[in-house]
Amino acid sequence: MTTLTPILTKNWDQADSFTRAGYEREGGYKALRTAFGMEPDEIVQAVKDSGLRGRGGAGFPTGMKWGFLPPSSPNPRYLVVNADESEPGTCKDIPLMLANPHVLIEGVIISSYAIKSNHAFIYVRGEVLHVIRRLQQAVAEAYEAGYLGKDILGSGYDLDVVVHSGAGAYICGEETALLDSLEGFRGQPRLKPPFPAVAGLYGGPTVINNVESIASVPSIVGNGADWFASMGTEKSQGFGIFSLSGHVTRPGQYEAPLGITLRELLDMAGGVRAGHRLKFWTPGGSSTPIFTDEHLDVPLDFESVGAAGSMLGTRALQIFDETTCVVRAVLRWSEFYAHESCGKCTPCREGTYWYKQMLKRLEAGQGEEKDLETLLDLSDNILGRSFCALGDGATSPVVSSIKLFRDEYLQHFEQGGCPFDPSKSTLWGGAK
């Protein structure tokens, strides 16, 4: 498992990787021609056989999701790409679209053809204007080359793609809130059922997939389902982009088979920053329960991470060394969730607000041990009771940090304040 698999990232070091010419030089759009020689249902079956699971966090089988579309409907079918990447620590879709937008566009065309859709949307968060412009340029290049529009490559298949800019709300990463935003409404999650596959965008059957999921489709069609399935583990097949950030020597994106461990990734990244040791880390972004150095050898696949008590999520590996106050880190994450809660349901709206208030006091050394039980009780009233997964995700760092670092919470009470110097965890303050 120590070998990287540069597939989506293989041309990131090329100066023109984001252009159509640069992409075609590396074999781009060959898989599209292969796809047009197949029946749509054959492509859906190939994606099922490959074992590709959603790369946006939930890990639901992609081909199975496509298969949920009803065989007939009076409304058009739509493909929507969720490019609203905003989970703290997650940094894979944005650099992918920036460095290699055409692999996403080729994936959109093949996926749309497979599900028999003639309209596709790429929903990008509004803050990343440079990415939006690059995607728009790539879409224009694809139209110019005849990869989009009418009768693509003489196949008789038509497809139009729209790059849609969101307003920068974390909640719009939730697929039904994304659909509301795309339709011009305030982004809030919808009640399910009906599920998007039956009644999604504009009431039509809709498939919503993450950027990395759709970008993986060309390599599956071009190389075969068996090729993709040969990587990873038995139930978590294929490769993925692992984002390492924080107190690591060489932060960045590492594309590797699922099942690789943090220990192996850290070896490739030069380890934890010099003179320090690993204290805790997130396996899938801030909405997943935290791990410690005891979990260095947990295989990073959906099943193994779940069995160890967390979630693989978006493979956002945030690394924290011993200079970091876990209470302060959890407070910062909780402030984010309180700010980004859409307010539609009481458990999340009120729960994240009280998380923020209580953790502020605890981090300042005010309170007592029974407040920790109040936090856990509050978490029980959020988990499984909120309208969407934002509330559930907000409980993860709180509950896991109290479980793993209860003594550190108590130190704040005993000393009447935080025992850590925040400057020591900074780049300039942590040097030795």
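Definitions and limits used
- Residues numbered from 1 in each chain as written.
- Predicted model: local features only at pLDDT ≥ 70, side-chain atom pairs only at ≥ 80, totals over all residues.
- Heavy atoms only, no water.
- Pairing = 2+ DSSP bridges.
- Helix = DSSP H or I, 4+ residues; strand = E, 2+ residues; numbered from the N terminus.
- Axes fitted to C-alpha atoms, helices over the stretch in contact; angles between N-to-C directions.
- Contact = heavy atoms within 4.5 Å.
- Salt bridge = Lys/Arg side-chain N within 4 Å of Asp/Glu carboxyl O.
- Buried < 20%, exposed > 50% of the residue type's maximum accessible area, 1.4 Å probe, protein only.
- Domains from an automatic or database assignment.
- Buried area = accessible area lost by both parts, 1.4 Å probe.
- Polar contact = N/O pair within 3.5 Å; in protein donor to acceptor, adjacent residues only side chain to side chain.
- 1 Å grid on protein atoms, 1.4 Å probe; cavity = no way out; pocket = protein on both sides within 12 Å on 5 of 7 lines; lining within 4 Å.
- Points joined across faces, edges and corners; volume = space filled by probe spheres on them.
- Nonpolar A, V, L, I, M, F, W, Y, C, P; charged D, E, K, R; others polar.
- Phe/Tyr/Trp six-rings, centres within 6.5 Å; stacked < 30°, edge-to-face > 60°.
- Core = buried A, V, L, I, M, F, W, Y, C linked by side-chain atoms within 4.5 Å.

Colleague: I'm lost on the sheet that holds strand S2 (residues 119-124) in this one. Help?
Modeller: Through backbone hydrogen bonds, the strands of a sheet pair up, either in parallel or in antiparallel fashion. The four strands lie next to each other as S3-S2-S1-S4, forming an open sheet whose pairing is parallel. Two strands lie at the open edges of the sheet, namely strand S3 (160-165) and strand S4 (206-210), each paired on one side alone. Pairwise comparison of adjacent strand axes, ignoring direction, gives a mean angle of 20 degrees for this sheet. Here six bridges tie S2 to S3, and the two strands are oriented parallel to one another.

Colleague: How do you make sense of the sheet that holds strand S9 (residues 316-321) when you look at a structure like this?
Modeller: Pairing within the open sheet is mixed, and its five strands lie in the order S6-S5-S9-S7-S8. Edge positions in the sheet fall to strand S6 (252-257) and strand S8 (291-292), since each of these pairs with one other strand and no more. Bridge count for strand S5 (residues 239-246) against S6 is six bridges, and the pairing is antiparallel. Directly across from Leu-244, in S6, lies its bridge partner Gly-252. Across the sheet, helix H14 (residues 326-340) is in contact with strand S7 (278-282) and S9; its angle to S7 comes to roughly 20 degrees.

Colleague: Even after reading the chapter, I still don't get the packing of helix H15 (residues 346-363) against helix H18 (residues 406-415), so can you show me in this structure?
Modeller: Any two packed helices are characterised by how steeply their axes cross, that is the angle between the axes, and by the distance between the axes. For the pair H15 and H18, interaxial distance at closest approach is 8 Å and the crossing angle is 60 degrees. Residues Leu-359, Leu-362 and Glu-363 of H15 form the contact with H18, whose own contacting residues are Tyr-409, His-412 and Phe-413.

Colleague: Looking at this structure, how should I read the pattern of salt bridges?
Modeller: Any two side chains of opposite charge can pair if their charged atoms end up close together. Applying the stated criterion across every chain, the model contains 22 salt bridges. Between Glu-303 and Arg-53 there is a salt bridge whose closest N-O contact spans 2.6 Å. In this pair, Glu-303 is assigned in helix H13 (residues 302-307) and Arg-53 in the loop between helix H3 (40-50) and helix H4 (62-67), connecting sequence segments 250 residues apart. Residue Glu-303 is classed as partly exposed on the basis of its relative accessible area of 30%. One salt bridge in this structure joins Asp-180 and Arg-190, with 2.6 Å as the shortest N-O distance. With a gap of ten residues between them, Asp-180 in helix H8 (residues 175-182) and Arg-190 in the loop between H8 and S4 connect regions that are remote in the sequence. Judged by relative accessible area, which is 16%, Asp-180 ranks as buried. Judged by relative accessible area, Arg-190 falls into the partly exposed class, the value being 21%. One salt-bridge network, held together by shared partners, links Lys-92, Asp-93, Glu-212 and Arg-315.

Colleague: Please explain the domain arrangement of the protein as it appears in this structure.
Modeller: Often the size quoted for an interface is simply the accessible area lost on bringing the parts together. Examined at the domain level, the protein breaks down into domain 1 (20-230), domain 2 (236-319) and domain 3 (326-425). Each of domain 1 and domain 3 has a C-alpha centre, and these two points are 36 Å apart. Of the residues lining the interface, 13 residues belong to domain 1; the matching set on domain 3 comes to nine residues. Between domain 1 and domain 3, a total of about 940 Å² is buried, with carbon and sulfur atoms accounting for 69% of that surface. Taken together, the connections running from domain 1 to domain 3 amount to zero salt bridges. At the junction of domain 1 with domain 3, the criterion picks out three residue pairs in polar contact (both at pLDDT 80 or more).

Colleague: What exactly am I supposed to notice about the environment of Phe-185 here?
Modeller: Secondary-structure assignment places Phe-185 in the loop between H8 and S4. Remark: the alpha-carbon pair of Phe-185 and Ile-115, spanning 70 residues in sequence, is separated by 26 Å.

Colleague: Where do I start with empty space enclosed by the protein in this structure?
Modeller: To find leftover empty space, a probe the size of one water molecule is rolled over the atoms. Within the structure shown, the criterion is met by one cavity of 30 Å³ or more. A volume near 50 Å³ is recorded for the largest cavity. Taken together, the residues that form the lining of the largest cavity break down as eight nonpolar, three polar and no charged.

Colleague: I'm lost on the layout of surface pockets in this one. Help?
Modeller: For the second largest pocket, the calculated volume is near 350 Å³. Together, 20 residues line the second largest pocket, and Lys-10, Glu-26, Gly-27, Ser-219 and Asn-223 are the ones closest to its centre. For the lining of the second largest pocket, a count of residues per class yields nine nonpolar, seven polar and four charged.

Colleague: Please explain the packing of aromatic side chains as it appears in this structure.
Modeller: What describes a pair of aromatic rings is the distance from one ring centre to the other and the angle between the planes of the rings. Under the counting rule described, the total for this entry stands at 19 aromatic pairs. On the basis of an interplanar angle of 90 degrees and a centroid distance of 5.1 Å, the ring pair of Phe-36 and Tyr-113 is categorised as edge-to-face. Of this pair, Phe-36 sits in helix H2 (residues 30-36) while Tyr-113 sits in helix H6 (residues 101-115), and the two are 77 residues apart along the sequence. For Phe-36, a relative accessible area of 17% gives the class buried. Take Tyr-113: its relative accessible area is 13%, and that puts it in the buried class. Seen in terms of ring centroids, Tyr-78 and Tyr-202 are 5.7 Å apart; in terms of plane orientation they differ by 75 degrees. Their pairing is edge-to-face. Here Tyr-202 lies in the loop between H8 and S4 and Tyr-78 lies in strand S1 (residues 78-83), a separation of 124 residues in the sequence. Taking relative accessible area as the criterion, Tyr-78 reaches 9% and is therefore assigned buried.

Colleague: So what exactly am I meant to see when it comes to the nonpolar core here?
Modeller: The nonpolar side chains of soluble globular proteins are, as a tendency, buried together. Counting 58 residues, the largest nonpolar core has Val-108, Ile-109 and Val-124 as its most contacted members. The greatest single-element share of this core, amounting to nine residues, is contributed by H6. One finds Cys-342, Cys-345, Ala-394 and Val-398 within the second-largest nonpolar core, a separate group that totals 44 residues.

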